[in-house]
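Summary of structural features
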Amino acid sequence: MSRQTRTGPAALAVGIALGGVALGAIQAKRKQGRSPDDAPDFALRQRDGEYDLVGRSVTIRKPRDELFRFWRDFGNLARFMENLEKVEVEDAATGRATWHIKGPAGRSVAVRTTIESEDEGRMIAWRSLDGSDVETEGKVTFEDAPGDRGTRVGLTIGYKPPAGALGKAVAKAFLREPEIQARHDLKRFKMLMETGEIATSARTKAQTRAAKQENAA
Amino acid sequence: MRALTWHGTKDVRVETVDDPEIINPRDAIIKITSTAICGSDLHLYDGVIPAVKPGDVLGHEFMGEVVETGSDATLKKGQRVVVPFTIACGGCFHCKSQQYSACDNSNPVEKQDMSATLYGQPMSGLFGYSHLTGGYSGGQAEYVRVPFSDVGPIVVPDHLEDEKVLFLSDILPTGWMAAENADIKPDDTVAVWGCGPVGLFAIQSAIVMGASKVIAIDHYPHRLELARQLGAEIVNFRTTHVREALMEMSGGIGVDAVIDAVGMESHGFAVDNMMDVVKQKIGIGADRASALKQAILAVRFGGKVSIPGVYGGMTDKWPLGAMMEKGLQLRGGQTHVQKYTKDLLAKIEDGTLDTTFLISHRLPLEDAARGYKNFKEEQDSWTKVILKPGMEKAA
Ligand SMILES: NC(=O)c1ccc[n+]([C@@H]2O[C@H](COP(=O)([O-])OP(=O)(O)OC[C@H]3O[C@@H](n4cnc5c(N)ncnc54)[C@H](O)[C@@H]3O)[C@@H](O)[C@H]2O)c1
Ligand SMILES: [Zn+2]
Ligand SMILES: [Zn+2]
């Protein structure tokens, strides 16, 4: 079974990952039991083409339901996702929301999303709506960790950067090293949940502001 | 405020820097009354630890008075506290397992990648050390910001003066954990390499834990004499063949447990050490581990190897065969300070542990650079240096 087919022929043809296609295709393979082993897809040694699918796991010493509820309120995401300015929730039931992402040169990029499927306490999957500046799709899973270790949280995000000059600029800022971004965001989520704050080694408030500007630049 | 800052190899200066502020809800600001220079600081001073930046405030052994608290802090202004050098959140898997120096949450996220690449998982936060461990400003200063102040600092009673309790911040628990990691049984003979502060506290702890014999190894006569006063037998590696001596002194069996309280800048002119000195100097990242290698050959079959001495990278010519064939147990780690402070404070109070015998010098903070230089170059007589921010500078 070649891993080439994981991203789907369409994605390979245009040379970028189609977030939606990729995520869906991989889940289908897993269900059919055709994965090479039991590791999550994002731990694959070889990533073919421009497979813009990233993911990470982290263990958080809190109950599954508590973590699920916090995440399910998308307004909370901006508290730990570094590139998010804010998320405006329009409808809590369907999860319709607008994500304001820090873009290049102080511009902000808007992505409208909706919850595509969810499994109470276990999984939330969302995708961008037509007309968003960035096409994206994501999934977060919550699974009991052994003993009293809390919950294993997995985050998978697929991206399709827009075409044209704006697309390039957005990709540079927002999609910059998305794998590192996903890992960092999940660790910040863990810090916030386990300690109530996000660690910083700054000595002064001015230093924390300077560091934020540096990250945004 | 005034603070001791790092500027390069053997270049530390006391300068004026911005005062620390409360940033997170669980923070506290401590006004330093006493702080010490540690052997770990010498690794920074000598430039053998990566990711130290010019202007970084050093110092991880400190105590003082609480002067400001964040909204979720539990300390009260005016309390006298000793602060562990390991920063720990108290809520993660490792903290809940009392492995505080492996805390998941104290090293800022963006600083974790470096050590995760080096070691497989990221290190936790430490005060006044490297940016591998967060790049937190340290306590060789007038003030320090202490994160997770509800977990680390221990409040100390007024009748115990600073000098008696200061070392709860690092070297006392480090010596204690080193002995604990050697899994000492009553009939054991324990050999300790290095009679610096860590080695001396490891020796004292091993004796309190009931070792039948403790053998101390160093080359500085005064430091060896301090070890002898604690009740150890001594071996001077300048004049004596260490492995031969240890075989004889353990009745031909080999010592039961060994403690490496030397770390990555081992002295001596053994061939492997000299090769490692060269590699460390030209920056190809070999730790000098000759004391540890010697310890692994000296310990008996089934013996126990405890490594409080700090190493940062790789080493060459590792005696892997001896380790496997002899079935050794190895344990190391930065100290889980928070696990030990309460017990050890009680042992200071009831006189079980003497914490002041090794202090050789007390200097004003302004004189810190001189303290570093002498602690490095006059090791025999400069056994432990305490810095005091308020103290008058000598003429
Ligand atoms: N694990 C921890 O949490 C922790 C905490 C504090 C210190 N440390 C480390 O412990 C080590 C010792 O710290 P210290 O403050 O006692 O330092 P120190 O530099 O004062 O003492 C080291 C001693 O080792 C002796 N020595 C050097 N080479 C030797 C050899 N080949 N054989 C025998 N002795 C030798 C030196 O003469 C010196 O007396 C350092 O590596 C330090 O970084 C670790
Ligand atoms: Zn120390
Ligand atoms: Zn922790």
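Residues numbered from 1 in each chain as written. Chains lettered and ligands numbered in written order. Predicted model: local features only at pLDDT ≥ 70, side-chain atom pairs only at ≥ 80, totals over all residues. Heavy atoms only, no water.

**A look at the packing of helix α5 (residues 171-181) of chain B against helix α6 (residues 197-208) of chain B**
Residue and element names in this part refer to chain B. Two elements in contact, α5 and α6, have axes whose closest approach is 7 Å; the angle formed by their N-to-C orientations is 55°. Taken together, the axes of α5 and α6 are oblique relative to one another. When the axes of α5 and α6 are compared, the crossing they make is right-handed. Taking contact as the criterion, the partners of I171, L172, T174, G175, W176, A178 and A179 in α5 are, on α6, P197, V198, F201, A202, S205, A206 and V208. (Axes fitted to C-alpha atoms, helices over the stretch in contact; angles between N-to-C directions. Helix = DSSP H or I, 4+ residues; strand = E, 2+ residues; numbered from the N terminus. Parallel < 35°, antiparallel > 145°, perpendicular 65-115°, else oblique. Left-handed = near helix turned anticlockwise from the far one by under 90°. Contact = heavy atoms within 4.5 Å.)

**Description of the pattern of salt bridges**
All chains considered together, the criterion is met by 30 salt bridges over all chains. Note that D27 of chain B and R145 of chain B form a salt bridge whose closest N and O atoms lie 2.6 Å from each other. Placement of D27 of chain B in the loop between β2 (11-16) and β3 (28-37) and of R145 of chain B in strand β8 (residues 143-146) is noted, with a sequence separation of 118 residues between them. Look at D27 of chain B and you get buried, because its relative accessible area is 0%. A network of salt bridges, in which partner residues are shared, links E82, D185 and R188 of chain A. (Salt bridge = Lys/Arg side-chain N within 4 Å of Asp/Glu carboxyl O. Buried < 20%, exposed > 50% of the residue type's maximum accessible area, 1.4 Å probe, protein only.)

**Quick word on the coordination of the zinc ion (ligand 3)**
All names here are of chain B. Binding of the zinc ion (ligand 3) to the protein goes through C89 (SG), C92 (SG), C95 (SG) and C103 (SG), at separations of 2.3 to 2.5 Å. For the zinc ion (ligand 3), the 4 donor atoms in the first shell make angles of 101 to 117° at the metal, a pattern classed as tetrahedral. In primary sequence terms, the donor set of the zinc ion (ligand 3) follows C-x2-C-x2-C-x7-C. With a gap of 14 residues between them, C89 in the loop between β6 (86-87) and α2 (93-96) and C103 in the loop between α2 and α3 (112-119) connect regions that are remote in the sequence. An identical accessibility class is assigned to C89 and C103; each is buried. (Donors = N, O, S within 2.8 Å, 3.2 Å for Na, K, Ca; no water. Tetrahedral: all angles 85-135°; square planar, octahedral: opposite > 155°, others 65-115°.)

**Comments concerning the coordination of the zinc ion (ligand 2)**
Residues and elements named next belong to chain B. The protein atoms that coordinate the zinc ion (ligand 2) are C38 (SG), H60 (NE2), E61 (OE) and D170 (OD), at distances spanning 1.8 to 2.4 Å. Classification of the site at the zinc ion (ligand 2) as tetrahedral follows from its 4 donor atoms and the range of 86 to 134° in their angles at the metal. All donors of the zinc ion (ligand 2) come from a single chain, and their spacing in sequence reads C-x21-H-E-x108-D. Residue E61 is located in strand β4 (residues 61-69), and its partner D170 is located in the loop between α4 (162-165) and α5; the two are separated by 109 residues in the primary sequence. A single burial state applies to E61 and to D170, both of which are buried.

**What about the pairing of strand β6 (residues 135-144) of chain A?**
Residue and element names in this part refer to chain A. Bridge count between strand β5 (residues 123-128) and β6: 5 bridges; the pairing is antiparallel. Across the sheet, M123 pairs through a bridge with T141, a residue of β6. The hairpin turn running from β5 into β6, its antiparallel successor, is 6 residues long, and G131 in that turn takes a positive phi close to 95°. As paired strands, β6 and strand β7 (residues 151-160) are joined by 10 bridges and run antiparallel to one another. Among the inter-strand pairings, T141 is bridged to a residue of β7, identified as G154. Remark: 6 residues form the turn of the hairpin made by β6 and β7, two consecutive strands paired antiparallel; G147 in that turn has positive phi of roughly 60°. (Pairing = 2+ DSSP bridges.)

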